[in-house]
Amino acid sequence: MFQSPLIILNQDTQASQGATFDRLNPITGKVATRAGAATAADAAAACDAAASAFPQWSRTSPSARREFLNKAADLLIERTPEFVKAMMEETGSSAMWGAFNCKLAAGMLREAAAITTQISGEVIPSDKPGFLAMAVRQPAGVCVGIAPWNAPVILGVRAIAMALACGNTVVLKSAEMCPMTHWLIADVLRSTGLPAGVVNIISNAPPDAKTVVDALIAHPAVRRVNFTGSTRVGRVIAEVCARHLKPVLLELGGKAPFVVLEDADLEEAVKGAAFGAFMNQGQICMSTERVIVDAKVADAFVEKLAAKTRSLRAGIPGADGCVLGSMIGKDATQRVRAMIDDAVAKGATLVTGGEVDGTVMQPALLDHVTPAMQLYTDESFGPVASVVRVHSVEEAISVANDSEYGLSASVYGRDVNRALSVAQQIESGICHINSPTVQDEAQMPFGGVKSSGYGRFGGKAGIAEFTELRWLSLQTQPPHYPI
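An account of the packing of aromatic side chains is requested, with residue identities and associated values reported.
What characterises a pair of aromatic rings is the spacing of the ring centres plus the angle enclosed by the ring planes. Counted according to the given criterion, the structure contains four aromatic pairs. With centroids separated by 5.9 Å and ring planes inclined at 85°, the aromatic side chains of W149 and F381 adopt a geometry described as edge-to-face. Taken together, the residues span a long stretch of sequence, with W149 in the loop between β8 (142-146) and α5 (152-158) and F381 in the loop between α13 (374-377) and β19 (384-390) at a distance of 232 residues. The pair W149 / F381 is uniform in exposure class, with both members buried.

The structure is reproduced here in structure tokens:
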């Protein structure tokens, strides 16, 4: 069993009155982690710690910040086995997904390290004689990061890396479903020798989430909030941030469309659709949810995708022949199975898969999905590919946009000029041509539109999210005053 206390001022810290909660292994039901159950007072203490460290850290040179972040990347890679073990125990993920999380998260730390000298301003021409006007970006202050469980190392690091690069101090609120995995991120960062208070982490029991998050947002030292998770929770956090006039970066749910035009390379489209729909059991915000296929090639495409789907087996992590692992819990498999049953009852065809054994669901392919079905409108967050047949490019675009979400999308077609035209008309923050919906690189602007949130993580786009843009001026000669 893992133990994950709070980390405040670089010290392992018990929650108030020693309160803890248990995260159970979703497969065995045994205790995976006993974690500190923070209160509002603990949240305030973490923010106080970050605030106390901000003056020194905000003045730290960019090369010094770069050195800390690069060292953290090296340590994260060295400690990959620890992260993988924690992810498997807490979320039922595969070892492959855990290792991929660590590799990409280390890249995010290195990208943040590179950004430290890219935080620039400008001199703005002024009409006033002898007046030098400048736009300058400065650290914002204490930043709160709230990360989810599904890609815990990637998204936990993303919640704080750019903030640190820009000279801010941070409080990471771990996900209730993976407190140890997120704790390891903070432990890696403090192991670099970061000054006390620069990185703090708190965990909370599930019933206390609202109280703790409200306390974090309300703290007067907090200047920025970022949240990755469901649209339902994101709306609540946005409302709380609005009440306190705190800027918030939201990366929320998705219902990624995967458009297959009639001239698409079907073999490549099948590979991309299967990867996008089934990687990490479909528990990714960018997961392919609606496969929108031109009717002229739909039969051939579905036949090929069915064969690919049958070749992918899900099982207990580490089981022979299983490239897919467990879902996050039995409630998740039951919820997704209910969505499949709803679609079948309303006329969809279950081509293959969908069998459930506890927390394991076999990848499922459904055909003839329509707007009357839950699988058409609601994010499944499970290993399900839903085929919607269309009869024109215009209809494909209309169906792709027929969603409240707008995070990621894909378009497959050999005529790349037409595919690009289609991509430009899809309402999403991200769209890939002839590659899957599930992709991420540390230097890319990552975020959505509509109910998928607002703001951007990644690369130079992230600088604006974690800095204040100030107008500074210098009067170099006596000005004229009208009075």
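Provide a residue-level description of helix α4 (residues 95-115), including the pertinent values.
A rise of 1.5 Å per residue sets the reference length of α4, with its 21 residues, at 30 Å; its end C-alpha atoms lie 30 Å apart and thus fit the reference within 8%. What α4 keeps buried is the set W97, G98, N101, C102, L104, A105, A106, M108, L109, A112, A113 and I115. Summarising the contacts, the buried residues of α4 are in contact with α2 (62-78), α3 (80-91), α5 and α6 (161-165).

Provide a residue-level description of empty space enclosed by the protein, including the pertinent values.
Unoccupied space between atoms shows up once a probe the size of one water molecule is rolled over them. If you walk through the whole model with that rule in mind, you get five cavities of 30 Å³ or more. In this structure, the largest cavity is lined by 16 residues; those nearest its centre are M108, R158, A442, G458 and G459. Mapped by element, the contributors of at least two residues to the lining of the largest cavity are α4 and α6. Sort the elements by how many residues they give to the lining of the largest cavity and α4 lands first, with three residues. Within the lining of the largest cavity, the residues separate by chemical class into nine nonpolar, three polar and four charged. Lining the second largest cavity are 13 residues, with P257, Y405, G406, S408 and E427 positioned closest to its centre. Residues belonging to the lining of the second largest cavity are distributed by class as follows: six nonpolar, four polar and three charged.

Go over the sheet that holds β19, please, and point to the residues and values.
The strand order across the open sheet built from seven strands is β15-β18-β19-β14-β13-β20-β21, with neighbouring strands paired in mixed fashion. With one partner strand each, in any of the chains shown, β15 (349-352) and β21 (432-433) form the two edges of the open sheet. In this structure, strand β13 (residues 256-260) lies alongside strand β20 (residues 410-412), joined through three bridges in parallel fashion. Counted as the bridge partner of V259 is V411 from β20.

Talk me through the pattern of salt bridges; I want residue IDs and the actual numbers.
Per the counting criterion, the structure on display carries 23 salt bridges. Put simply, R224 and E468 hold a salt bridge, and the shortest N to O gap is 3.1 Å. Of this pair, R224 sits in strand β11 (residues 222-228) while E468 sits in strand β23 (residues 467-475), placing them 244 residues apart in sequence. Overall, R224 belongs to the buried group, its relative accessible area being 9%. As a salt-bridge pair, D342 and K346 come within 2.9 Å of each other at their nearest N and O atoms. Through salt bridges with shared partners, a single ionic network connects D12, R79, E82, D187 and R190.

Describe the side chain of T309, and please don't skip the residues or the numbers.
Mapped onto the elements of the fold, T309 is located in helix α11 (residues 295-311). Here T309 is in contact with F278, T352, P363, A364 and L365, once residues within four sequence places are set aside.

A description of the sheet that holds strand β7 (residues 131-139) should follow, citing residues and the corresponding values.
With respect to topology, three strands assemble into an open sheet ordered β6-β7-β23, the strand pairing being antiparallel. Looking along the sheet, the strands with just one partner apiece sit at the ends: β6 (122-124) and β23. Strand-to-strand twist in this sheet, taken as the mean axis angle between neighbours without regard to direction, amounts to 30°. Note that β7 and β23 share nine bridges and pair antiparallel. Bridged to R137 within β23 is L469.

Just give me the short version of the environment of V351, but keep the residues and values in it.
Relative to the helices and strands, V351 is located in strand β15. Residue class for V351 comes out partly exposed when judged on its relative accessible area of 26%. A sequence separation of 350 residues divides V351 from M1, and the C-alpha atoms of the two residues are 41 Å apart. Those residues in contact with V351, other than ones at most four positions away along the chain, are V302, A306, R310, L365, L366 and D367.

For unusual backbone geometry, give the residues involved together with the corresponding values.
The backbone phi angle of L245 is positive, close to 55°, even though this residue is not glycine. As for its placement among the helices and strands, L245 is situated in the loop between α9 (231-243) and β12 (248-251). The exposure class assigned to L245 is exposed, which follows from its relative accessible area of 74%. For K450, which is not a glycine, the phi torsion comes out positive at approximately 55°. In this fold, K450 is placed in the loop between β21 and β22 (453-454).

Tell me about helix α8 (residues 209-218), and please be specific about residues and values.
Within α8, burial applies to A209, V212, V213, A215, L216 and I217. Along its buried surface, α8 packs onto α1 (40-58), β8, β9 (169-173), β10 (199-202), β11 and α9.

Talk me through the pairing of β19; I want residue IDs and the actual numbers.
For β19, the buried fraction is high: six of the seven residues fall into the buried class. Summarising the sheet, strand β14 (residues 288-294) and β19 pair through five bridges and their orientation is parallel. By the bridge assignment, V291 is partnered in β19 with V387. Pairing analysis gives three bridges linking strand β18 (residues 364-367) to β19, with the strands arranged parallel. When the bridges of β19 are listed, L366 appears paired with S386.

Quick rundown of the nonpolar core? Include the residues and the values.
Ranked by internal contacts, the top residues of the largest apolar core, which has 64 residues, are L76 and V157. Ranked by residues supplied to this core, first place goes to α4 with ten residues. Setting aside chain neighbours within four positions, we find L76 in contact with F83, C102, A105, A106, L109, V153, V157 and V188. Core analysis: the second largest hydrophobic core is formed by 36 residues, V390, V393, A400 and V422 among them.

The rules behind these values
- Residues numbered from 1 in each chain as written.
- Predicted model: local features only at pLDDT ≥ 70, side-chain atom pairs only at ≥ 80, totals over all residues.
- Heavy atoms only, no water.
- Phe/Tyr/Trp six-rings, centres within 6.5 Å; stacked < 30°, edge-to-face > 60°.
- Helix = DSSP H or I, 4+ residues; strand = E, 2+ residues; numbered from the N terminus.
- Buried < 20%, exposed > 50% of the residue type's maximum accessible area, 1.4 Å probe, protein only.
- Expected span 1.5 Å × (residues − 1).
- Contact = heavy atoms within 4.5 Å.
- 1 Å grid on protein atoms, 1.4 Å probe; cavity = no way out; pocket = protein on both sides within 12 Å on 5 of 7 lines; lining within 4 Å.
- Points joined across faces, edges and corners; volume = space filled by probe spheres on them.
- Nonpolar A, V, L, I, M, F, W, Y, C, P; charged D, E, K, R; others polar.
- Pairing = 2+ DSSP bridges.
- Salt bridge = Lys/Arg side-chain N within 4 Å of Asp/Glu carboxyl O.
- Axes fitted to C-alpha atoms, helices over the stretch in contact; angles between N-to-C directions.
- Core = buried A, V, L, I, M, F, W, Y, C linked by side-chain atoms within 4.5 Å.

These results come straight from atomic positions and should not be treated as a statement about function.
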